[in-house]
Amino acid sequence: MSDVLYLSIVSSIKEKILKGDLKPGEKLESEPQLMKIYDAGRMTIRKSLSLLSNEGYVYSVPGKGNYICKPDTDIFQFKFNKYDGLKTHIDKVKLLSVTIKDTPKGIEKKLNLEENDKIVEVVRLLSSKEQPIALEYVYFEYLPNQPVIEDMLKFANYLKPLEEKLAFVLDKTLEIGIELPNEELKNKLEFQDNEPLFKIMETIKNTSTKKIVQYTIFYIRPKYLSLKASLPKVDKSSNIF
Amino acid sequence: MDLKDYIAELDVKNAESKTEELISQGITKGDLYEQVMKGLQIVGEKYAKQECYLADLIVSGMIAKDIFSAAHACDNNVPEFRVQGKVLIGTIYEDIHDLGKDLLIDALKNYGIEVINLGVDVPVAEFIKHAQIEKPDIIAVSCVMANSIPHIKELAQSLKDKKLLDNTKLILGGAVTHSGHIDIPHIDFMSDDLFLGLQYCQNYLTERYKLEK
């Protein structure tokens with residue numbers, strides 16, 4: 001038990017939940033009851049409850065009381081990073097082309113653009129130990145007076161600085177599929193059999209401007225990627241008390 | 001705003017609707033041509049002053065191309081945007097860099113110039129063979145790797161000997177053009193700046209074919 005009263009109340013209630021003494025959906029004792037059980041003031045109990053609520057153990061229904069959360073067991077999360085989350089180390093990223101074109105069919109919807117809008121298409125080949133393992137198509141809207149091509153020629157990951165700057169407003173969505181490669185993919189990835197590829201489509205949206213910043217299609221040979229997901233864990237290390 | 005201003009602003013949508021408006025008002029092909037060229041020129045000047053970038057240069061070409069095909073679609077008397085002329089292009093033997101070459105190809109095509117792309121790692125004999133078949137106005141060679149310079153020298157000499165440069169310009173692009181002093185005979189122009197390369201081709205071909213407006 002912690003020396004600080006509200007923290008020891010938190011761990012006591014948490015223990016009951018984890019042991020199953022308090023079951024998901026069950027109602028927690030009322031505030032006056034808790035005050036009695038733990039011999040604590042109302043503010044202390046509220047502080048404990050709010051911490052438990054932050055950590056996802058309880059929720060409160062105004063006027064009714066506090067309940068034990070029913071954790072969602074079919075939401076999984078996984079960490080994904082194209083450049084250093086693969087089964088092998090990427091040692092070379094080659095820029096194959098930077099092209100400005102009319103938005104291709106299918107892509108315009110992804111970027112919320114119209115058919116005649118111009119987009120920038122960047123194609124990059126990722127290799128490991130001289131072996132090409134993944135091919136990436138990046139699309140974003142052409143905006144006048146930006147040195148996109150110049151920057152592309154200089155930096156492999158053009159959006160990285162922007163991603164870091166806007167980390168809190170960028171919303172990313174991933175969609176994962178499996179696709180048989182066409183001839184272009186086979187040639188660029190240098191293999192001939194009909195091995196299916198992972199197709200990972202990433203949409204990056206700026207939530208404050210509601211604009212789609214970038215849409216990426218990432219093809220990777222299956223032997224270089226495995227996806228492992230688990231139930232979301234609450235990170236307690238950064239809680240502010 | 002005029003059409004030329006929309007092009008200069010790289011405003012694709014307004015350039016398009018302005019074109020439609022001008023066409024419906026019966027603009028003459030000479031006036032249309034002039035506006036587009038003026039717009040392209042402003043973009044070029046901005047690029048030279050570093051107020052806009054490569055992407056803008058390419059898009060301005062795309063806008064021009066779209067305008068002329070719209071005008072052509074409405075009235076067959078309006079010629080398609082075409083700086084007549086043909087460029088044969090490739091990356092020299094033992095060099096596989098193609099980014100700069102491909103950007104120039106896109107830009108040239110947007111300016112209505114016919115481009116024959118031989119790809120990368122092109123042997124001298126291959127350049128010669130296609131120069132004989134295609135009779136291009138310009139042969140453009142791309143080279144990034146300094147160790148390929150001897151192949152360019154061989155190509156230049158060989159083209160000269162076979163009298164394939166009598167009616168054809170030979171130009172060189174890529175990083176080797178600024179790697180110290182390189183001395184290659186019979187080269188008419190060289191630069192590692194895409195815009196300068198594009199401008200050279202455009203000016204030379206326009207002059208050569210004296211476009212009828």
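Please read these numbers as outputs of a predicted model, since none were measured by experiment. (Residues numbered from 1 in each chain as written. Chains lettered and ligands numbered in written order. Predicted model: local features only at pLDDT ≥ 70, side-chain atom pairs only at ≥ 80, totals over all residues. Heavy atoms only, no water.)

Once that is clear, we can look at the overall build of chain B. Of the regular secondary structure elements, chain B holds 8 helices and 5 strands. What you see in chain B, going N to C, is helices and strands ordered as α-α-α-α-β-α-β-α-β-α-β-β-α. Its C-alpha atoms give chain B a radius of gyration of 18 Å, near enough to 17 Å, the size a compact globule of 213 residues would have. Projected onto its principal axes, the C-alpha positions of chain B cover 55 × 35 × 25 Å. Scored against the burial criterion, the 213 residues of chain B give a buried share of 49%. Across chain B, every contact between residues at least 6 apart in sequence was considered, and the portion connecting residues at least 24 apart equals 72%. Put simply, chain B has 22 plus and 34 minus side-chain charges, and the middle of one group is 5 Å from the middle of the other. (Helix = DSSP H or I, 4+ residues; strand = E, 2+ residues; numbered from the N terminus. Rg over C-alpha atoms; globule rule 2.2 N^0.38 Å. Buried < 20%, exposed > 50% of the residue type's maximum accessible area, 1.4 Å probe, protein only. Contact = heavy atoms within 4.5 Å. Lys, Arg positive; Asp, Glu negative; His and termini not counted. Charge placed at Lys NZ, Arg CZ, Asp CG, Glu CD.)

Moving on to the overall build of chain A. Across its full length, chain A holds 7 helices and 8 strands. Against the globule reference of 18 Å for 241 residues, chain A gives a C-alpha radius of gyration of 25 Å, more extended than a compact globule. A buried classification covers 41% of the 241 residues belonging to chain A. In chain A, the proportion of contacts linking residues at least 24 apart, taken out of those at least 6 apart, comes to 60%. When the accessible surface of chain A is totalled, it reaches about 14300 Å², and 52% of it is carbon and sulfur. In chain A, the 38 positive side-chain charges and the 35 negative ones have mean positions that sit 4 Å from each other. (Areas by Shrake-Rupley, 256 points an atom, 1.4 Å probe, with all protein chains shown as cover.)

Below, the discussion takes up the nonpolar core. In terms of nonpolar packing, the biggest core is built from 55 residues, with A:I100 and A:I149 touching the most fellow members. Among the elements that make up this core, the one with the highest residue count is helix α4 (residues 54-74) of chain B (11 residues). Listed in part, the 24 residues of the second largest apolar core include B:F127, B:I152, B:L172 and B:I184. (Core = buried A, V, L, I, M, F, W, Y, C linked by side-chain atoms within 4.5 Å.)

Here the focus is the sheet that holds strand β2 (residues 114-117) of chain B. Strand-to-strand pairing in sheets goes through backbone hydrogen bonds, with the strands running parallel or antiparallel. Residue and element names in this part refer to chain B. What the 5 strands build is an open sheet, ordered β2-β1-β3-β4-β5; its pairing is parallel. Both edges of this open sheet fall to β2 and β5 (189-191), since each of them pairs with a single strand only. When the angles between neighbouring strand axes are averaged without regard to direction, this sheet yields 20°. Against the sheet, helix α6 (residues 124-134) engages β1 (86-91), β2 and β3 (138-142), with an angle of about 170° to β1. (Pairing = 2+ DSSP bridges. Axes fitted to C-alpha atoms, helices over the stretch in contact; angles between N-to-C directions.)

The next thing to look at is the packing of helix α3 (residues 29-48) of chain B against α4(B). Residue and element names in this part refer to chain B. The contact between α3 and α4 brings their axes to 9 Å, and the two run at 175°. Looking at the two axes, α3 sits roughly antiparallel to α4. Across from L32, Y33, V36, L40, V43, G44 and Y47 in α3, the residues of α4 making contact are L54, D56, L57, S60, G61, A64, I67, F68 and A71. Residue composition of the contact of α3 with α4, grouped by class: 12 nonpolar, 3 polar and 1 charged. (Parallel < 35°, antiparallel > 145°, perpendicular 65-115°, else oblique. Nonpolar A, V, L, I, M, F, W, Y, C, P; charged D, E, K, R; others polar.)

The next thing to look at is the packing of helix α2 (residues 12-24) of chain B against α4(B). Residue and element names in this part refer to chain B. Closest axis-to-axis distance for the α2/α4 pair is 10 Å, and the angle between their directions is 25°. Looking at the two axes, α2 sits roughly parallel to α4. The interaxial crossing formed by α2 with α4 has right-handed handedness. Within the contact between the two elements, α2 uses V12, A15, T19 and I23 and α4 uses V59, I63, I67, A70, A71 and C74. A class-by-class count of the residues in the contact of α2 with α4 yields 9 nonpolar, 1 polar and no charged. (Left-handed = near helix turned anticlockwise from the far one by under 90°.)

Now for the domain arrangement of chain A. Per the domain assignment, the segments of chain A are domain 1 (2-71) and domain 2 (92-224). For domain 1 of chain A versus domain 2 of chain A, the separation of C-alpha centres amounts to 47 Å. (Domains from an automatic or database assignment.)

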